[in-house]
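Remarks on the overall topology
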Amino acid sequence: MLRQALHGALRAWCRRLGLFVSRHPVFFLTVPAVLTLALGSSVLRGFRGAPGAAAAAAAEELEALVAPSHSLAKIERRLAGSLFPLERSKAQLYSALHPPGRFGRALLLARKPGANVLLQAERLLRIHRAVMEMQVPHRGYNYTFSHLCVLREQEQQQQRRRGPEAEAAEACALEDVVAVLEELRLQQQAALASNKSAARGLPLSYPNTRLKDGRSTFIGHQLGGVLEVPNSKDQRVKSARAIQITYYLQTYHSAAQDLIGEKWENEFCKLMHRLQPHYEDLQLYSLASFSLWRDFHKTSILARSKILVSLMLILMAAILSSSMKDCLRSKPFLGLLGVLTICISSVTAAGIFFITDGKYNSTLLGIPFFAMGHGTKGVFELLSGWRRTRENLPFKDRVADAYSDVMVSYTMTSCLYFIAFGMGASPFTNIEAVKVFCQNMCISILLNYFYIFSFFGSCLVFAGQLEQNRYHSIFCCKIPSAEYLERKPVWFQTMMSDGHQHSSHHETDPYQNHFIQHFLREHYNEWITNIYVKPFVVILYLIYASFSFMGCLQIRDGANIINLLSSNSPSVSYALVQQKYFSNYSPVIGFYIYEPLEYWNGTVQDDLKKLSEGFNTMSWLQQYYQYLRAGNITATNKSDFLGILQNSFLRKPEFQHFKNDIIFSKAGNVNSIIASRMYLVARTSEKTQRDVIELLEKLRPLSLKQSIKFIVFNPTFVFMDQYSLSVTMPVLISSFGILLVLLLTFFLVIHPLGNFWLILTVTSIELGVLGLMTLWNVDMDCISTLCLIYTLNFSIDHCAPLLYTFVLATEHTRTQCIKSSLQEHGTAILQNITSFLIGLVPLLFVPSNLTFTLFKCLLLTGSCTLLHCFVILPVFLTFFPPSKKHHKKKKRAKRKEREEIECIEIQENPDHVTAV
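Reference entry: report on the structure contained in this document.

Cut-offs and rules
Sequence order as written defines residue numbering, which begins from 1 separately in each chain. At least 70 in pLDDT is required for a residue's local features to be given in this predicted model, at least 80 for side-chain atom pairs to be given and counted, and no such filter applies to totals for whole chains, interfaces and linings, which use all residues. Side-chain calculation: all heavy atoms of the structure are included, whereas hydrogens and water are not. The helix and strand labels rest on DSSP assignments: H or I over at least four residues marks a helix, E over at least two residues marks a strand, and numbering proceeds from the N terminus. Think of it in three bands: with a 1.4 Å probe and only protein chains considered, a residue is buried below 20% of the maximum accessible area for its type, exposed above 50%, and partly exposed in between. It only takes one pair of heavy atoms within 4.5 Å for two residues to be counted as in contact. Method for areas: the Shrake-Rupley scheme with a 1.4 Å probe, in which residue coverage is limited to the protein chains shown. Any two of the Phe, Tyr and Trp rings considered here, Trp counted by its six-membered ring, make a pair once their centres fall within 6.5 Å; the pair's planes then place it as stacked at under 30 degrees, edge-to-face at over 60, or tilted in between. Residues with no salt bridge and a relative accessible area higher than 30% make up the patches, which join like charges within 9 Å and nonpolar side chains (Val, Leu, Ile, Met, Phe, Trp, Tyr) within 5 Å. Salt bridge, as used here: a side-chain nitrogen of Lys or Arg that lies within 4 Å of a carboxyl oxygen of Asp or Glu. Expected span of a helix, by definition, is 1.5 Å for each gap between consecutive residues, and there is one gap fewer than residues. Here, a strand pair is defined by DSSP locating no fewer than two bridges between the strands. Lines fitted to the C-alpha atoms define the axes, with helices restricted to the stretch that makes contact. Angles between their N-to-C directions range from 0 to 180 degrees. Under the rule applied, a polar contact is a pair of N or O atoms within 3.5 Å (in protein, one hydrogen donor and one hydrogen acceptor; residues adjacent in sequence only if both atoms are side-chain atoms).

Focus: the overall build of the chain
Across its full length, the chain holds 32 helices and 15 strands. For the chain, buried positions account for 53% of its 916 residues. Taking all contacts inside the chain whose residues are at least 6 apart in sequence as the whole, residues at least 24 apart take part in 77%. Of the roughly 41700 Å² that the chain leaves accessible, carbon and sulfur atoms contribute 61%.

A word on the packing of aromatic side chains
Throughout the structure, instances matching the rule amount to 41 aromatic pairs. A ring pair is formed by W293 and F296, whose centres lie 5.8 Å apart and whose planes are at 40°; its orientation type is tilted. Residue W293 and its partner F296 are located together in helix α11 (residues 291-321), separated by 3 residues, close to a single helical turn. The burial state of W293 is the same as that of F296; both residues are buried.

So, a nonpolar patch on the surface
A grouping of F333, I474, F475, W491 and M495 is seen on the molecular surface, where their side chains present a nonpolar patch of about 530 Å² in accessible area. Secondary-structure assignment places F333 in helix α12 (residues 332-355). The class of F333 is partly exposed, set by a relative accessible area of 40%.

Side note on the pattern of salt bridges
Applying the stated criterion to the full structure yields 20 salt bridges. Note that E262 and R102 form a salt bridge whose closest N and O atoms lie 4.0 Å from each other. With E262 in helix α10 (residues 255-275) and R102 in the loop between α5 (92-95) and β1 (103-110), this residue pair connects regions lying 160 residues apart in the sequence. A salt bridge links E265 to R102, with the shortest nitrogen-to-oxygen separation between them at 2.9 Å. One end of the pair, E265, is in helix α10; the other, R102, is in the loop between α5 and β1, and 163 residues separate them in sequence. In this structure, E265 and R102 share a single accessibility class: buried.

Looking at helix α20 (residues 570-581)
Between its terminal C-alpha atoms α20 stretches 17 Å, which fits the 16 Å expected from 12 residues at 1.5 Å a residue. The complete set of buried residues in α20 reads S571, V572, Y574, A575, V577 and Y581. Residues of α20 that are buried make contact with β1, β6 (223-224), β9 (242-248), β10 (282-288), α11 and α30 (849-876).

Details of the side chain of S300
Tracing the chain through its elements places S300 in helix α11. On the basis of relative accessible area, S300 is assigned to the buried category, the value being 5%.

Description of the pairing of strand β12 (residues 615-619)
Counting buried positions along β12 yields 5 of 5 residues, so the element is predominantly enclosed. Residues F615, T617 and S619 of β12 are buried on one face, and the alternating residues N616 and M618, pointing to the opposite face, are buried as well. Across 5 bridges, the pairing between β12 and strand β14 (residues 670-682) is antiparallel. In the sheet register, N616 faces β14, and the bridge partner there is V681.

Things to note about the sheet that holds β9
Strand order in this open sheet of 4 strands is β6-β9-β1-β10, and the pairing throughout is antiparallel. Looking at the sheet topology across the chains shown, the edges are occupied by β6 and β10. The strands that helix α6 (residues 121-133) touches are β1, β9 and β10; relative to β9, the one it contacts most, it runs at about 20°. Seen against the sheet, α10 touches β1, β9 and β10 and runs at an angle of roughly 170° to β10.

Some points on the side chain of S321
Mapped onto the elements, S321 comes out in helix α11. Classification of S321 as buried rests on a relative accessible area of 8%. Engagement of the side chain of S321 in a polar contact is seen with the backbone oxygen of A318, the distance being 3.3 Å. If sequence neighbours within four positions are ignored, S321 has contacts with F380, H514, F515, I516 and Q831.

Considerations on the pairing of β9
A large share of β9 lies buried, amounting to 7 of its 7 residues. Because side chains alternate across β9, one face comprises the buried residues A242, Q244, T246 and Y248, and the other comprises I243, I245 and Y247, equally buried. Summarising the sheet, β6 and β9 pair through 2 bridges and their orientation is antiparallel. Each residue of the ladder has a partner; that of L223, found in β9, is I243.

Some points on unusual backbone geometry
Y206 connects to P207 through a cis peptide bond whose omega is 5°. Here P207 shows up in the loop between α9 (177-193) and β4 (208-210). At D357, a residue that is not glycine, the phi angle is positive and equals roughly 65°. In this fold, D357 is placed in the loop between α12 and α13 (367-388).

Keep in mind these numbers describe shape, not what the thing actually does.
See below:
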């Protein structure tokens, strides 16, 4: 009783809303239009300002957007930075442990398979000299890399004395690979002079090599596609396919210096492009600090024209699906105005976003498609509700009846949208891109709902008034009488014919002649409920469930940033080549010991060896132990250990760079080491990222178990740390929120079985999309996460009206109930899903990994929902509850009671039969 009263109250409220809109259509038409005009101007300003906002701190903004907001890696970074401030001018490995700042990276690849790029040392050094001599004009002064690079602390101080402009964009020393190339060039020249092979006995081993100054350096990240000499004890290099050189700039967080650094990076990328035609045997790739952010925003630029094409396709689909042969009852303009209603509501939502200082990014590209999929469902349902009303009623009453029939379910689904994306916008969401998207989606849903019942409702009022006055649905002229049409040509009769002028008022509803309605009623409903079709549908669902389950077991996280970039961008090309040829070793991992330790103790030494076992280690401690063994020196106590370390080892030229790896403390006359660091590099496979994540998950627990207190850090850990949990959390929270609402309203809806079936259907669709997108090589990143949240609501949007109509139907059998449900809601569902899928087609032509992910996920969402609404549910609902037998018993009881009453009346009035 409570359920019926609540449902009746909601229908009455929606009916009053429809009457109010029908009595004031001009007001509800102009207010949304004025609101859009007022807020739409900020959209253009926001789009123009988006690229410029990304130029200053590209790496930081991209990290803040797509990396987990709260992670242990960020705490570790702050701790490592406080212990060991950034000193890139001393050694290359320092740069690998801190945010890179401004940099330019060149990757040189030998074109021919099996070629040795090291035999072209002279040409490689020529490219290097071109980079060094490249000039960057700024305020009348031409800067070269030599001006921007500080090799020693004294030169750095001299630059600062010369003023702020000369101080700009200072940089560290180049990587040791340049020194290796110099040695190779000298060897090749000597080999050519003596007619010997230059490919034999290269003066370097892999991955660790020793330079002329005696320093040991790691070149595993500088040489790619390496082949080693067979049976070589020191792993001597035979050939290498690729080499990469990195040029680090230092800007000291000054706007003027950052501007010079940005100009240098732009010139660097242009230089690599200009040099490419002069080196046919080499393929040149370049990467700068702004490249990732630029290529991330490039997707939105490439997709602008495709979104307009998508809008045109949706408009055409809406117009065609809303048309009929009946020129009076056809509603093509309502289909057009319905899509435009969603467009102007999305523009208004974007205006609110930019007015509140929102920054546009490419992940927001999915909002128009998400909003269109939900908004057009309300449009087509209102149109179907209008067609179900009686034609002999005044148009205002017909609008009120349509609102009473449709707006209850549309209000409920809009609330579920708001709950799901509101959960995604909550503080529990750890990825800023997902949070910003969900916040904007909540605004879009609210405005969609307001524009549907106001702007589109007023359009429905005017269309109903034209229909009541018998105006043509396209030309808006009076429809001629039947006698007038008989005297005109056939083409004129076809265009101007009502189609039901000669039919009586007692025939079927003229709206039943809509081509989709006719197809469902006369053909599809009979076919899908055929007893011979049902076994094949069951087999189809088992196949669907099997593939979905198989895909759910293979879910992969998408922490790889290239999944969000333009697919033909330089960053992606560079990343693919680097992953192919430089995936032998993980990034440099900083191993920070942040407490005083007895390094001279044998037990401590054994513990450190166990921790670094299996890694390529570059540490002062390892070199110091070798130094002691080579000199046959014993240092088993603190004074001897620290005395030899400070007075002998660290004063050697080849070991001076280790001074920055040790923090000494002096209390009185006693020295001690309070913190130190070393570098670890792990051997990895081509799936470097997965290996690094597993490595991180193994190293962190050791820091809690071991007696040695340490942390491990690399800048890439910020993107990888807890990424899987961060991207799945919004989906889990949104799913929990929706299921909780459905369970709480279990006894408030008209029939509890409607909610039960809805929960099962939504779960089936969600798991199906999740499993199939995994089999389609879609990883769990922020885009696929947002699509999964949308799948929850999209499936509810389309399945809920169908299920509730079925459970409330009072026909004799379940088959008749599902037929009536499909006949009532099938047209709107098919119209919306078809328009939604057609609108996705232009995304295929946007060369971006982000749009490919969006297309795949939304295509699976629409297809799985269509499959459940028109194939799976119509068959499975004929097998399972709710039963319709009690409806039969009620009808039989009523029929029997009516017969008894008739018999009593006949007995009381025996003349009745005679009179008849």
